[in-house]
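Below, each chain spelled out in residue letters.
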Amino acid sequence: MIEGQASGTKTAKLRYGMVGGGQGAFIGDVHRKSIAMDGKAEIVCGAFSQSYDNTLATGDALGLPKDRLYRTFDEMIRTEAKRPDRPDFLSIVTPNSTHYPAAKLALEQGFPVVCEKPLATSSRDASDLACLVRESGLLFCVTYAYSGYPVVKHIRDMIAGGEIGDIRFVNGEYPQEWLATKLEDTGQKQAAWRTDPRLAGISNCVGDIGSHIEFMAAHMTGLEIESLCARLDRFGPGRPLDDNATIMVNFKGGAKGVYWSSQIAAGHDNALRLRIYGTKGAVEWFQETPNAARVSFLDRPSGTISRGRDPMSPRARSLSRIPSGHPEGYFESFANVYSTFIAALAKKLRGEPLVPADLDFPNVGDGVRGVRYIEKCVESSAKGSIWLKMD
Ligand code: NAI
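From a predicted model like this one, the values you see are computed outputs, not experimental measurements.

### Points about the overall build of the protein
Item 1. In terms of helices and strands, the protein carries twelve helices and 14 strands.
Item 2. For the protein, the C-alpha radius of gyration of 21 Å lies close to 21 Å, the compact-globule estimate for 391 residues.
Item 3. Taking the principal axes of its C-alpha atoms as reference, the protein extends roughly 65 × 55 × 40 Å.
Item 4. When the accessible surface of the protein is split by element, carbon and sulfur atoms take 53% of a total near 16700 Å².
Item 5. Here the protein carries 47 positive and 46 negative side-chain charges, and the mean point of each set is 2 Å from the other.

### Topic: the sheet that holds strand β2 (residues 41-47)
Item 1. What the five strands build is an open sheet, ordered β2-β1-β3-β4-β5; its pairing is parallel. On the outer flanks of this sheet lie β2 and β5 (140-142), each paired with one strand and no other. Neighbour to neighbour, the strand axes of the sheet diverge by 20° on average, direction disregarded.
Item 2. Contacts from helix α3 (residues 73-81) reach β1 (14-19), β2 and β3 (89-92), with the element oriented near 130° to β2.

### Some words on the packing of aromatic side chains
Item 1. Per the stated rule, a full pass over the model turns up ten aromatic pairs.
Item 2. Centre to centre, the rings of Y259 and Y373 are 6.4 Å apart; their planes meet at 55°, and the pair counts as tilted. Of this pair, Y259 sits in strand β9 (residues 256-262) while Y373 is found in helix α12 (residues 364-382), placing the two residues 114 residues apart along the sequence.
Item 3. Judged by its relative accessible area of 0%, Y373 is buried.
Item 4. In this structure an aromatic cluster arises from ring pairing among Y16, F89, Y338, F341 and F361.

### Side note on helix α11 (residues 330-349)
Item 1. Between its first and last C-alpha atoms α11 spans 28 Å; for 20 residues at 1.5 Å apiece the expected length is 28 Å, and the two agree.
Item 2. Of all 20 residues in α11, 14 are buried; the element is thus mostly enclosed.
Item 3. Looking one or two residues past α11, G351 carries a phi angle of roughly 85°, positive in sign.

### Remarks on the site of the ligand
Item 1. Taken together, 28 residues surround the ligand, and among them F26, I27, N96, T143 and Q190 come closest.
Item 2. One of the side-chain nitrogen or oxygen atoms of R194 is found 2.9 Å away from an oxygen atom of the ligand.
Item 3. Protein chains bury 93% of the 850 Å² of accessible surface belonging to the ligand in isolation.
Item 4. Mapped onto the shell around the ligand, the elements with two or more residues apiece are α7 (189-194), α9 (205-221) and α11.
Item 5. In terms of residue count, the dominant contributor to the shell around the ligand is α7 (four residues).
Item 6. Taken together, the residues that form the shell around the ligand break down as eleven nonpolar, twelve polar and five charged.

### Side note on the nonpolar core
Item 1. Of all hydrophobic cores here, the largest spans 79 residues; its most connected members are L119, F140, I247, Y259 and W285.
Item 2. Examining the composition of this core, we find that eight residues originate from one element, α9, more than from any other.
Item 3. Leaving out residues up to four positions away in the same chain, Y259 has contacts with V170, G172, I213, E214, A217, I225, A245, T246, I247, V249, F251 and Y373.
Item 4. Counting 26 residues, the second-largest nonpolar core is a separate cluster that includes I27, L64, C141 and I342.

### A short note on the sheet that holds strand β13 (residues 300-306)
Item 1. Taken in spatial order, the nine strands make up an open sheet running β13-β12-β11-β10-β6-β9-β8-β7-β14, and their pairing is mixed. Sheet topology places β13 and β14 (387-389) at the edges, where each strand pairs with a single neighbour. Looking at each pair of strands side by side, their axes are set apart by 15° on average, direction ignored.
Item 2. Two elements, strand β7 (residues 225-233) and strand β8 (residues 244-251), share eight bridges in a ladder whose sense is antiparallel. The partner of I225 across the bridge, within β8, is F251.
Item 3. Relative to the sheet, α9 contacts β6 (167-175), β7, β8, β9, β10 (273-278) and β11 (281-286), its axis offset from that of β9 by approximately 150°.

### Examining the environment of I322
Item 1. With respect to the helices and strands, I322 occurs in the loop between α10 (314-318) and α11.
Item 2. Sequence separation of I322 and G308 is 14 residues, and the distance between their C-alpha atoms is 7.7 Å.

### With respect to the pattern of salt bridges
Item 1. Scanning the entire structure with this criterion turns up 36 salt bridges.
Item 2. The partner of E284 in a salt bridge is R273, and the shortest N-O contact between them spans 2.9 Å. Taken together, the residues span a long stretch of sequence, with E284 in strand β11 and R273 in strand β10 at a distance of eleven residues.
Item 3. Judged by relative accessible area, which is 21%, E284 ranks as partly exposed.
Item 4. Here the salt bridges share partners, and the residues they tie into one network are D67, R68, E80, R83 and D85.

Rules used in this analysis
- Residues numbered from 1 in each chain as written.
- Predicted model: local features only at pLDDT ≥ 70, side-chain atom pairs only at ≥ 80, totals over all residues.
- Heavy atoms only, no water.
- Helix = DSSP H or I, 4+ residues; strand = E, 2+ residues; numbered from the N terminus.
- Rg over C-alpha atoms; globule rule 2.2 N^0.38 Å.
- Areas by Shrake-Rupley, 256 points an atom, 1.4 Å probe, with all protein chains shown as cover.
- Lys, Arg positive; Asp, Glu negative; His and termini not counted.
- Charge placed at Lys NZ, Arg CZ, Asp CG, Glu CD.
- Pairing = 2+ DSSP bridges.
- Axes fitted to C-alpha atoms, helices over the stretch in contact; angles between N-to-C directions.
- Contact = heavy atoms within 4.5 Å.
- Phe/Tyr/Trp six-rings, centres within 6.5 Å; stacked < 30°, edge-to-face > 60°.
- Buried < 20%, exposed > 50% of the residue type's maximum accessible area, 1.4 Å probe, protein only.
- Expected span 1.5 Å × (residues − 1).
- Near = heavy atom within 4 Å.
- Polar contact = N/O pair within 3.5 Å; in protein donor to acceptor, adjacent residues only side chain to side chain.
- Nonpolar A, V, L, I, M, F, W, Y, C, P; charged D, E, K, R; others polar.
- Core = buried A, V, L, I, M, F, W, Y, C linked by side-chain atoms within 4.5 Å.
- Salt bridge = Lys/Arg side-chain N within 4 Å of Asp/Glu carboxyl O.

The analysis is restricted to geometry; functional conclusions fall outside its scope.
Structure (structure tokens):
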């Protein structure tokens, strides 16, 4: 059983501002609800949309005063930086092409940042952000939020503890159906920008969901990709960017893998699945049933481990909010990434030194690696699916 989580030191709520996430947007609202889940931070300002009317309506619905709602993120960041009650951090939840300029300005103005993935649309911009983070010492989180699931942390800790032996093979897949037709031609907002290189960058499918596979495989196994060979497909007629991708990877140390991401796979919703095979056993985790994992060992029958019922690593237990059998899901995984980031930030603001365990959230280095991965996949595919070194 999990005890109720009313614990934690009593501290003032942190303040945050948001770029993107206006009414009608997808992920901004998920961020706000996930942050609100633990009550450790409250929203104080926003440039929620390129439409000022939308920003006003969004801010009004959130109970924000009009003088803290802005026409542009530039105006918001520069104005808020001068306030005595300035936000403690900023969340950036716009389409990909705005991540870099907004995050760069935020860092330059001294704000810690939580930014959506992919971190930027080029590795040059992503590396620039990493330099700014290093120079400023500011905290930076990239919301590869599937890493917030307790069972994912347990698998990571199992693998690090050698329970399935040396990793031999990683199979990652993320099939979706939603772009099986030219949804972008109907004006559907999320489809429109994802298939537009000016807003999405050089890749749609790998950038949007293939990047989750790359991060999750690295997070769960600790393996680094040494080289890859990618084939990116465009099945939607006239679509300028990929909507299906198959990528073979070689990891440093000899393990191998195959990653498949697709937005044209009929019958699939958000079917992120990782199967990891080692010399002693295997684990399988499926995002749509995130409270459980299948584990197999060579010398005993396979089984299912369940969050809350079966022994989990201390870190996994710390992220579990309710007893077994009551499903935790997407909001909780986001909330876990945020709660870790916010707790680290609060500790830093109190002047206490941070230890590695405080920083168990996806960081700017993960973001840079993700963008490099996207670039290598696009380059490999464009050159006829040749093998390329990651470095
Ligand atoms: P969306 O199109 O639903 O929302 C984007 C929002 O940003 C809209 O409100 C739009 O008006 C606003 N916006 C655009 N340009 C802006 C600007 N210059 N200033 C202020 N606001 C601006 O897009 P969605 O699906 O929410 O995706 C946003 C980002 O989140 C993308 O980078 C995407 O890759 C990422 N994402 C990440 C997920 C995850 O699991 N971590 C899941 C879904 C999206």
